[in-house]
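# Notes for the structure review
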4 protein chains.
Amino acid sequence: MNYEEVLRAIAGEIEPLRNVGRQADYIPALAKVNPDRFGICITTVDGEIFERGDVDERFSIQSVTKVFSLSMALSLMGEKLWERVGKEPSGAAFNSLIQLELDRGIPRNPFINAGAIVLADVLMSALAEPEADYLAFVREIAGDDTVGYDRDVAASEREKGYINAAIANMLKYYGNLENDIEEVLRFYFLQCSVEMSCRQLSRAFLPFADRKSDFAFGNVRLTSSQVKRINAVMQTCGFYNDAGEYSYLVGLPGKSGVGGGIGAVYPGRYSVATWSPRLNEKGNSVMGMKALELLTTYTSESIF
Amino acid sequence: MNYEEVLRAIAGEIEPLRNVGRQADYIPALAKVNPDRFGICITTVDGEIFERGDVDERFSIQSVTKVFSLSMALSLMGEKLWERVGKEPSGAAFNSLIQLELDRGIPRNPFINAGAIVLADVLMSALAEPEADYLAFVREIAGDDTVGYDRDVAASEREKGYINAAIANMLKYYGNLENDIEEVLRFYFLQCSVEMSCRQLSRAFLPFADRKSDFAFGNVRLTSSQVKRINAVMQTCGFYNDAGEYSYLVGLPGKSGVGGGIGAVYPGRYSVATWSPRLNEKGNSVMGMKALELLTTYTSESIF
Amino acid sequence: MNYEEVLRAIAGEIEPLRNVGRQADYIPALAKVNPDRFGICITTVDGEIFERGDVDERFSIQSVTKVFSLSMALSLMGEKLWERVGKEPSGAAFNSLIQLELDRGIPRNPFINAGAIVLADVLMSALAEPEADYLAFVREIAGDDTVGYDRDVAASEREKGYINAAIANMLKYYGNLENDIEEVLRFYFLQCSVEMSCRQLSRAFLPFADRKSDFAFGNVRLTSSQVKRINAVMQTCGFYNDAGEYSYLVGLPGKSGVGGGIGAVYPGRYSVATWSPRLNEKGNSVMGMKALELLTTYTSESIF
Amino acid sequence: MNYEEVLRAIAGEIEPLRNVGRQADYIPALAKVNPDRFGICITTVDGEIFERGDVDERFSIQSVTKVFSLSMALSLMGEKLWERVGKEPSGAAFNSLIQLELDRGIPRNPFINAGAIVLADVLMSALAEPEADYLAFVREIAGDDTVGYDRDVAASEREKGYINAAIANMLKYYGNLENDIEEVLRFYFLQCSVEMSCRQLSRAFLPFADRKSDFAFGNVRLTSSQVKRINAVMQTCGFYNDAGEYSYLVGLPGKSGVGGGIGAVYPGRYSVATWSPRLNEKGNSVMGMKALELLTTYTSESIF
């Protein structure tokens, strides 16, 4: 497949969307990003890289990091993890507390905020040095030691993170948070603050597409079956209450973040990352989603 | 892949589940089925057939028929169909009215009851002879003219179908039902009453897996992109509020029915049907789900 | 208290509201009523009558009839009635199905539609001739044999009554309806179609205010404690999700109907009926509510 | 009315309930209270006092204090208060966040936790010295300068107050909290920690029953109409999702607290306070509710 050409065609086709949507602006660090950026990078399981646009600029990967958190938590806890968080699509907004109350503190899945806060708590309990260990894993999977947290972003997020604080308090009330609420929130926001470029993110998602190599990064080891299951959760839950639309249009397991990034995989073939800050109403990148839709349409390659 | 052997291994492994779960018994026709049956049939895109167990006995395919209804409605309406029904997983039971009221009469997806009742209404408005035309399509896709409705089942279902009648009335209230409520319900239940064997159902699902042939059965024609999108909806919405669990364990787009049948596809390779009447708490076949989980585990073949 | 003068003052004060709000127009019979009418009638426990405006014109009392239905059902069933219907305010719209599903078919109170449909079912099971017996009771309590059903209104309501049909089907599903759905609905709508004038309605509510006489009308007999409890239910549930606002402003147990009528009582002193077809957003008469608010303000007489 | 005798009869009648229900034990200070206490005190508008049982022992009045908070907030803000909090019964548990999210941060009424936290915020913004000013008012209305906060209880409550912290964070998110979350919570819990005996509480509720004297305590001044409206809110919202049952059985505006106290009024006649720590499932005092039910039954005096 000539991905070079496909990316060129996509870039042309999505150009009219460059000013569509609104970037996240609830914290200064996100508000000051140039909203008109777009980058896409494909990394194949054979090691080829195809890229287009702003692929070197780093952005806050935000909720995309939840894929790494789930990987680490699943590696540490195994299937017991699912006693504390479900794996069903929520059919509700990513920050809703309604289901959490109805389900008595068990989040629907690890990719809504409530679920990821439970993951943070799991990691805090299991890791000797949560912050350092998490970053070490993310650097290993991205193959790049310059990847880091943006502590300003994390601090800003905490300051405005009223709904996440509400969620953490409700989790604590229902006995689904072992550690101190404030510390869990700090660690959660720190994870979200990881900065990567499209190229780095694409590389970091490759292990989820690569069926030939073992998934082994530092202490994080997953079986091939576990990797597939993470992909399954991405497919059904990775885009919040836009998950069905995303599956319908794109057909590649993926995870989006409010910073405008998306990581996705075509199992057995490639991983892909896109970045463009303007979001649709459900909080997913407008140009990113369209680019991925065109990618699977032009190549006729999708999991379906 | 030696599917013959795989099926033999699966059959042995799932034997202990033969008495687990409860068959649907809300109508006599379903209650009188021998609950201890199990059959599985794989049909490859190359025309090979692998089967095991009770593959010739016909059963009520019930909600599995919604895949055929969606295909027909999408062929007739194109993307405009999605103005009347969503494509997001519901995160709720298949017969809940809560979301339908909150969403003012737009069902979350075509595979919950509310959505399928809208499909029935769409077909009634678009087809000259809905009952005959629908059956003709189902016979063509199954490649078998002996497939038919079980009118006794349909009549029983209508009699006890209070929740579906509640749904249809709510749809009418919100202006999302064009035809007479009673006639739509009759047609909806008739679709659910279609009887097939595992072998027939497997064959009928093959077009959703087969990327080489055109999807063209009588007047129902879908593009390859549309077929993929139907698979995507199956993946995210085909198992009600068990969709995440099913995706996690199985990793093949599929659709279950309360009669104990499941149809699923491995795009590009094969379709598969299972039948076993005992259901888990969410209304999905216990042996069927386990057999499909083992199928993807033993073969290491899944969309993820 | 010089109620004569109070009513004159009220009439002047509310005049600017004569064109505010919208009459119910979902059926022709209600849509064709002159919306600019207003009438008020007070009947004291000592037998005095004070009235103003259109007090002789008959209107469809609609949901106000639920007070009579509850009286009759409570007389027939006693406290066992509350096993089939609650007595808590719903905090939701009068025709919502959400709580009914969450509460598995037990309506929150007898004054939302679901509750009143259960009352209709209770009466059908208990009465020899439900239609005739119900009308006989209503005529006795109104002290007027010319009061009657409007069968055209009832038929129109049934035709458009999709949500009530949805409710009845859900009640049946949960086993909280003994009789045939269609017959219960017909009887329910017939009760709602009772026509009265303000003067008649005021008289019919007097027994709920009168602590001196026995509540005994034909076979319907209530203890003084039961009468008080009906008043309590009116207070907390009589105005749907406007009940708190109504209590706050008016402070008299009452019940409103979509035909623009309100019946209310000042226990120990008087009953009062108002009629004005224009409704606020929650389905309660604009002029009627204001008139009652002014009545308790000007007289400084309320239960609080 | 010979209330002396009535109280004696009540005391005998409720004796069998002395061990029924469970006291609140989520904080040590409440858990260590002797659960088998019962006291009742009536204060008439003519200054007579009738009492029985443990009327001198002080207990944590908890949510009963919300009546004082509402009085103070209404006095300071007037009708504008209702822009920040509703006055409809919630039909849900006192600490539920579901409605708060659906209503975008506007609590249903001032007597559920969310509403009272908004009241605390209102008072903090309006008062020079919130803690001192609030206590001053409570002492004035109770006519007793020994009434005080129990800071240990308040601190314990904050420590375990996860759901209230979740609520406060959600209020902040929706812009319905002006002050610092932590400070508002601290003030809220301090208000709840006020300690009174039955006799003091009865006295403190007298102004809500007394229509002859002005409601004027320090800076808190309410019109007679405002007092009636507070009574109306008590009637519809004072017992959470037990409000309908309470109205039905008791028929006196009242407010309960998790410490086992209830304050209630018979407007124009008397105020009454009960205390007994064992609670029913909805968090209301078992003996207290029964005593009040018998009080209105034996005396035939209720607002209905």
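Residues numbered from 1 in each chain as written. Chains lettered and ligands numbered in written order. Predicted model: local features only at pLDDT ≥ 70, side-chain atom pairs only at ≥ 80, totals over all residues. Heavy atoms only, no water.

- An unreviewed UniProt entry lists chain A under the name Glutaminase, with Duncaniella dubosii as the source organism.
- Annotation of chain A in UniProt includes, under Sequence similarities (unreviewed entry), the sentence "Belongs to the glutaminase family."
- Checking UniProt for chain A, the heading Subunit (unreviewed entry) contains the comment "Homotetramer." (UniProt positions renumbered as here; feature names shortened; annotations may be inferred.)

## Focus on the relation of the copies chain B and chain A
- Superposition of chain B onto chain A requires a rotation of 180° combined with a translation of 0.0 Å along the rotation axis, giving an RMSD of 0.0 Å. Expressed as a symmetry operation, the mapping of one chain copy onto the other fits a two-fold axis.
- Interface overlap between copies: 100% of the residues of chain B at the interface are likewise at the interface in chain A, consistent with a symmetric, same-surface contact. (Least-squares fit on C-alpha atoms with pLDDT ≥ 70 in both. Contact = heavy atoms within 4.5 Å.)

## Regarding the interface of chain B and chain A
- Chain B puts 34 residues into the contact, and the matching count from chain A is 34 residues.
- Summed over both partners, the interface of chain B with chain A comes to about 2800 Å²; 51% of that surface belongs to carbon and sulfur atoms.
- On the chain B side of the contact with chain A, Arg-229, Tyr-248 and Phe-304 of chain B bury the most area, a combined 32% of that side's loss.
- Across the contact surface, chain B and chain A share four salt bridges.
- One salt bridge connects Glu-245 of chain A with Lys-87 of chain B, and the closest N-O pair in it is separated by 2.5 Å. (Buried area = accessible area lost by both parts, 1.4 Å probe. Salt bridge = Lys/Arg side-chain N within 4 Å of Asp/Glu carboxyl O.)

## Comments concerning the packing of helix α8 (residues 162-173) of chain C against helix α9 (residues 181-192) of chain C
Residue and element names in this part refer to chain C.
- Between α8 and α9, the shortest axis-to-axis distance is 10 Å and the interhelical angle comes to 130°. Accordingly, the angle class assigned to the pair α8 and α9 is oblique. As α8 runs across α9, the sense of the crossing is right-handed. Contact residues: Asn-164, Ala-165, Ala-168, Asn-169 and Lys-172 in α8; Ile-181, Leu-185, Tyr-188 and Phe-189 in α9. (Axes fitted to C-alpha atoms, helices over the stretch in contact; angles between N-to-C directions. Helix = DSSP H or I, 4+ residues; strand = E, 2+ residues; numbered from the N terminus. Parallel < 35°, antiparallel > 145°, perpendicular 65-115°, else oblique. Left-handed = near helix turned anticlockwise from the far one by under 90°.)

## Notes on the interface of chain B and chain C
- In this assembly, 15 residues from chain B lie in contact with 15 residues from chain C.
- Overall, the association of chain B and chain C removes approximately 1400 Å² of surface from exposure, summing both partners, and the carbon and sulfur fraction of that is 71%.
- Among the residues chain B hides against chain C, the three largest losses belong to Ile-98, Glu-101 and Tyr-162 of chain B. Together they make up 38% of the total.
- Connecting chain B to chain C are zero salt bridges.
- The interface formed by chain B and chain C includes five residue pairs in polar contact (both at pLDDT 80 or more).
- When contributions to the side of chain B that touches chain C are tallied by element, the ones reaching two or more residues are α4 (98-102) and α8 (162-173) of chain B.
- A per-element tally of the side of chain B that touches chain C places α8 of chain B first, with eight residues.
- For the side of chain B that touches chain C, the class distribution of residues is ten nonpolar, three polar and two charged. (Polar contact = N/O pair within 3.5 Å; in protein donor to acceptor, adjacent residues only side chain to side chain. Nonpolar A, V, L, I, M, F, W, Y, C, P; charged D, E, K, R; others polar.)

## Thoughts on the sheet that holds strand β2 (residues 49-53) of chain B
Residues and elements named next belong to chain B.
- With antiparallel pairing, five strands are arranged side by side in an open sheet as β2-β1-β9-β8-β7. Both outer strands of the open sheet, β2 and β7 (254-256), are each paired with one neighbouring strand and no more. Taken pair by pair, the neighbouring strands of this sheet meet at an average axis angle of 5°, ignoring direction.
- Note: strand β1 (residues 39-44) against β2, five bridges, orientation antiparallel. Residue Thr-43 lies in a different strand from β2, and its bridge partner there is Ile-49.
- Helix α10 (residues 198-209) contacts β1, β2, β8 (261-266) and β9 (270-275) of the sheet and is inclined by roughly 150° relative to β9.
- Sheet strands touched by helix α13 (residues 286-299): β1, β8 and β9. Its angle to β9, the strand with the most contacts, is close to 150°. (Pairing = 2+ DSSP bridges.)

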